[in-house]
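Observations on chain architecture
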Amino acid sequence: MSINYDERIPNNVDLASQRTLQRALEHWQPNYLRWWAEMGPEKSSTLEVYLRTAVSVDPKGWAHYGYVRMPEYRWGIFLAPAEKDRRIGFGAHKGEAVWQEVPGEYRSTLRRLIVTQGDTEPASVEQQRHLGLTCPSLYDLRNLFQVNVEEGRHLWAMVYLLHAYFGRDGREEAEALLERRSGDADNPRILTAFNEKTPDWLSFFMFTFLTDRDGKFQLAALAESAFDPLSRTCRFMLTEEAHHLFVGESGVARIIERTCQVMAEHRTDDPVRLRGLGVIDLPTLQKYLNFHYSVTSDLYGGEVSSNAASFYTSGLKGRFEEGKIADDHRLEGLEYPVPEVVGDRIVTRHVPALTALNERLRDDWAREVEAAIGRWNRIPEKHGVAFRFRLPHKGFHRKIGVFAGLHVSPDGEVLSEAQWTHRHGEWLPTESDRAYVHSLMGRVTQPGKFANWIAPPHQGINRMPIDFEYVRFN
Ligand SMILES: [Fe+2]
Ligand SMILES: [Fe+2]
């Protein structure tokens, strides 16, 4: 079904024929817009932004590009096409037909999964709301806003499920999603990483590179769900998510590129000199990577989890690319390695694979991050710079799971409190690192111009030139 833009809420779920649901969502819509006005990108309401809007769910041509004022963006409800005769791919119900309604026994668990996912979407918009005031270029400003409107749409995607399948509780949860606030002491967002600040563009790029990628892996696991509307919703969200990951990976790559250019030009790797030259030294980038990597790692939860096991067995949440894995998809008798700390040593222990699904998803994510870091490392290599980025040990700076309460170095050494206090400034951004990065944040709004600390991209958006006016200020 194509998307009808004549309706108040664009959708491909035939909302017009479900009057009660349509009215409930139309009632939520102004509350959403109030939230956007209050917590969305600051001072952005009059800007015209060159944005993509979904006009179909066809993988070959789903987006339309054009100037939009963001409060007029057409947030809608788009599900990937139903797969004919889709069967449950894993767990106790493997082989049965997928569900078009929520089974009573899984209702509250499923609602919690959807609310937790839904909560991250507006949270990231809130975290990023000040960044437009310090954009390094119009190209980057447009990308930030594209990410923001799509996170807004992801909230719509989850709210649709809550309204359509969870009755009154679902409607109450949908309201609460607009009431929590990232970083709020009394009513914070559900997950810790979504209550951290995103105070500068380096943090933004690291966030989209790492934390949006957590989003990708969570959505991929939910796309396997036996609850078909959730699966279809997540499948379309994944199409949008790819751009967010691109913004993050290429954003950091352009910072590395710029620093390496300056290092080669001035034949120096002295961080003090490089800061004097207005670029971000590579060790500081590594510290930001360490910080965001560890905070995002925590989002996957404890290594061993009976909740994760029951989500899987019940068919609510699968593994990443479940269909490509060659096993029984029930995990009977299978094991998976998880870390364990014995005294001051980190060892590996084998546990039933069913209980280690959080760890497995975290490992899948980490593998993808590792591959991207390999791509980053070609940049210093190309410039003849010796520095190489690397991921810290999975126990580094963790707050959840077996490493919580311990201090582990990036090399995987268990440290004493005193050692950690003495050394953590080498591994995590210090106040002065953050202050330096903050000092670079200006606002560049001339088409084709870029802040000194970041290289231009290789190409523009939608094959437009790099000096295209991606945002009009009027
Ligand atoms: Fe999202
Ligand atoms: Fe995203």
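Counting from 1, residues in each chain are numbered in the order their sequence is written. Just so you know, chain letters begin at A and ligand numbers begin at 1, following the order they were written in. Reporting in this predicted model follows two pLDDT cut-offs: at least 70 for local features of residues, and 80 or more for side-chain atom pairs to be given and counted; totals over whole chains, interfaces and linings ignore these cut-offs and use all residues.

The next subject is the overall build of the chain. Counting its regular elements, the chain contains twelve helices and seven strands. Note on method: radius of gyration uses C-alpha positions; expected globular size equals 2.2 Å times residues raised to 0.38. Here the C-alpha atoms of the chain give a radius of gyration of 23 Å, agreeing with the 23 Å that 2.2 N^0.38 yields for 474 residues. In terms of overall dimensions, the chain has C-alpha extents of about 65 × 65 × 45 Å along its principal axes. With C-beta atoms placed from the backbone, a residue is buried if 20 or more other C-beta atoms are within 10 Å of its own, exposed if 12 or fewer are, and partly exposed between those counts. Burial statistics for the chain: of 474 residues in total, 45% are counted as buried. Think of it this way: any DSSP run of H or I at least four residues long counts as a helix, any run of E at least two long counts as a strand, and we number them from the N terminus.

Looking now at the nonpolar core. Nonpolar cores are identified as sets of buried Ala, Val, Leu, Ile, Met, Phe, Trp, Tyr and Cys residues joined via C-beta atoms within 7 Å. By size, the foremost hydrophobic cluster in this structure holds 110 residues, and its most contacted members are V159 and M206. Here this core gets 17 residues from one element, more than from any other, and that element is helix α3 (residues 138-165). If sequence neighbours within four positions are ignored, M206 has contacts with G248, V252, Y288, L289 and H292. Distance between backbone-placed C-beta atoms decides contact: two residues are in contact if it is within 7 Å.

Unlike most non-glycine residues, R267 shows phi in positive territory, near 45 degrees. The topology assignment puts R267 in the loop between α6 (228-266) and α7 (271-276). Its identity is not glycine, yet L331 carries a phi of approximately 65 degrees, on the positive side. If you trace the backbone, L331 turns up in the loop between α9 (306-314) and β3 (335-342). Residue L331 is classed as buried on the basis of its 22 C-beta neighbours within 10 Å.

The next thing to look at is the environment of L222. Along the chain, the position of L222 falls in helix α5 (residues 201-223). C-alpha of L222 to C-alpha of T233: the two residues are eleven residues apart in sequence and 9.3 Å apart in space. With near-sequence residues (within four places) excluded, L222 lies in contact with L113, Q117, L230, C234 and K317.

Our focus in this paragraph is the packing of α5 against helix α10 (residues 357-382). The axes are straight lines fitted to the C-alpha atoms, using for helices just the contacting stretch, and the angles between their N-to-C directions are given from 0 to 180°. Between α5 and α10, whose axes approach to 10 Å, the crossing angle comes to 130 degrees. Taken together, the axes of α5 and α10 lie oblique to each other. Like other packed secondary-structure pairs, α5 and α10 cross with a definite hand, here right-handed. Between α5, through L210, R213, D214, F217 and A221, and α10, the contact on the second element is made entirely by L361, D364, W365, E368 and V369. Across the contact of α5 with α10, the residue classes break down as six nonpolar, no polar and four charged. When an angle is under 35 degrees it counts as roughly parallel; over 145 it counts as roughly antiparallel; between 65 and 115 it counts as roughly perpendicular; any other value is oblique. Handedness of a crossing follows from how the near helix is turned relative to the far one, being left-handed for an anticlockwise turn of less than a right angle and right-handed for a clockwise one. In this classification, the charged set is Asp, Glu, Lys and Arg, the nonpolar set is Ala, Val, Leu, Ile, Met, Phe, Trp, Tyr, Cys and Pro, and all remaining amino acids, among them Gly, are polar.

Let's shift gears to the environment of F468. Residue placement: F468 occurs in the loop between α12 (431-440) and β7 (471-472). A tally of 17 C-beta atoms within 10 Å means that F468 is categorised as partly exposed. Sequence separation between F468 and Y50 is 418 residues; the distance between their C-alpha atoms is 9.7 Å. With sequence-adjacent residues up to four places away left out, F468 is seen in contact with P447 and G460.

What follows covers α3. One less than the number of residues in a helix, times 1.5 Å, gives the span that helix is expected to have. Spanning 28 residues, α3 covers 41 Å between terminal C-alpha atoms, matching the ideal 40 Å at 1.5 Å per step. Across the 28 residues of α3, 28 count as buried, placing the element largely inside the fold. Positioned one or two residues after α3, G167 has a phi angle of 55 degrees, which is positive.

What follows deals with helix α8 (residues 282-297). The end-to-end C-alpha distance of α8, which contains 16 residues, comes to 22 Å, matching closely the 22 Å that a straight helix rising 1.5 Å per residue would cover. Of all 16 residues in α8, 15 are buried, a share of seventy percent or more.

Let's shift gears to the sheet that holds β7. Ordered in space as β2-β1-β7, the three strands form an open sheet in which the pairing is antiparallel. Two strands bound the open sheet, and with one partner strand each, they are β2 (63-69) and β7. Examined bridge by bridge, strand β1 (residues 48-54) and β7 share two bridges and lie antiparallel to one another. Across the sheet, the residue bridging to E48 is R472, located in β7. α3 contacts β1 and β7 of the sheet and is inclined by roughly 40 degrees relative to β1. Strand pairing is assigned whenever DSSP identifies at least 2 bridges connecting the two strands.

All right, on to the packing of α3 against helix α4 (residues 167-179) then. Look at α3 against α4: their axes get within 7 Å of each other, and the N-to-C directions meet at 155 degrees. Taken together, α3 and α4 sit at an angle that is classed as roughly antiparallel. Residues L155, V159, L162, H163 and Y165 of α3 lie in contact with α4, whose contacting residues are G170, R171, E173, A174 and L177. Looking at the contact of α3 with α4 residue by residue, the class counts come to six nonpolar, two polar and two charged.

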